[in-house]
Amino acid sequence: MSIDRRQRGVTLIELIVFIVIVSVGLVGILSVLNLTTRSSADPLIRKQMLAIAEGLLDEVAAQPLTWCDPDDPAAATATSAAGCATPENLGPEAGETRNGAVTPFDNVNDYNGLAGITGGLTGTAFSPGYSAAVTITPTALGIGANTVPAAAALRINVTVSFGNERLTVEGFRTRYAPNALP
């Protein structure tokens, strides 16, 4: 009586070869997973850095961009810096502070050069280790005849730091309503 090849069982050698092939594949997959897990950055830190940067960018961009300091009597009617008693320049005016109750920042330009920010506008501190800085640069926008001049557009850079990591968010503010006051 002969045994049909379709009815015979798996030999010991075939079983060992199968186990070796599956083991090599499993080791390869597990080593890749281990490597990616070990070298991945902590997403919580990046998310907090991004939330701080976006919040500060929104705070700065929400301020008016006027020719004159908003406290200037000509602020609502000036059509250029020449018509102002106190023209708006990069950086805060004397006595203005970000969280000041009496003289808070009242223009986008006031935030230029602000560094070492460790809390929000309401006085709530960031988590320990986070700090931020803001730089503002006049920047022309557009191409050719459709260019917005540098006098009417500002580039806002907010950089947040945590340890050795840095995250920078960039935005633009244009003088689309030069006499709009808060």
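Refer to the structure presented above.
Our subject in this report is the structure included herewith. Residue indices begin from 1 for each chain and proceed along its sequence in written order. Reporting in this predicted model follows two pLDDT cut-offs: at least 70 for local features of residues, and 80 or more for side-chain atom pairs to be given and counted; totals over whole chains, interfaces and linings ignore these cut-offs and use all residues. Only hydrogens and water are removed before side-chain values are computed, so all heavy atoms of the structure are retained for them.

With that settled, the discussion passes to the overall build of the chain. Secondary structure summary: the chain contains 2 helices and 3 strands in total. Strands here are runs of E lasting at least two residues and helices are runs of H or I lasting at least four, both read from the DSSP assignment and numbered beginning at the N terminus. For the chain, the α and β elements follow one another from N to C terminus as α-α-β-β-β. Classification of residues uses two cut-offs on accessible area relative to the type maximum, computed with a 1.4 Å probe and protein chains only: under 20% is buried, over 50% is exposed, and between them is partly exposed. Counting across all 182 residues of the chain, residues that qualify as buried make up 31%. When contacts within the chain are restricted to residue pairs at least 6 apart in sequence, those whose partners lie at least 24 apart make up 46%. Surface accessibility of the chain: about 11,500 Å² in total, with carbon and sulfur atoms responsible for 63%. Note on contacts: a residue pair is in contact if any heavy atoms of the two residues lie within 4.5 Å. Per-residue and other accessible areas follow the Shrake-Rupley method at a 1.4 Å probe size, with only the shown protein chains counted as cover for residues.

Moving on, we come to the nonpolar core. Residues belong to one nonpolar core when they are buried, are Ala, Val, Leu, Ile, Met, Phe, Trp, Tyr or Cys, and are joined through side-chain atoms within 4.5 Å. Ranked by internal contacts, the top residues of the largest apolar core, which has 23 residues, are Val134, Ile136, Ile156, Val158 and Val160. Those elements that place two or more of their residues in this core are α2 (43–61), β1 (130–138), β2 (153–162) and β3 (165–174). It is α2 that contributes the most residues to this core, 7 residues altogether. Dropping the residues within four chain positions of it, Ile156 is found in contact with Leu57, Val60, Ala61, Val108, Val134, Thr135, Ile136, Val169, Glu170, Gly171 and Arg173. Judged by nonpolar contacts, the second largest core, of 6 residues, contains Cys68, Ala74, Ala78 and Cys84.

To continue, consider the state of the cysteines. Any pair of cysteine sulfurs within 2.5 Å is marked as a disulfide. Summed over all chains, the structure comprises 1 disulfide. The disulfide bridge from Cys68 ends at Cys84, spanning 1.8 Å between sulfur atoms. Measuring handedness by torsion sign, the sulfur bridge of Cys68 and Cys84 sits at about -80° and is left-handed. In this pair, Cys68 sits in the loop between α2 and β1 while Cys84 sits in the loop between α2 and β1, placing the two residues 16 residues apart along the sequence. Since its relative accessible area comes to 0%, Cys68 is described here as buried. Classification of Cys84 by relative accessible area gives buried; the value is 13%.

Moving on, we come to the environment of Val169. On the secondary structure map, Val169 appears in strand β3. Placed 120 residues apart in sequence, Val169 and Met49 show a C-alpha to C-alpha distance of 9.9 Å. Ignoring any residue separated from it by four or fewer positions in sequence, one finds Val169 in contact with Leu50, Ala53, Leu57, Ile156, Asn157 and Val158.

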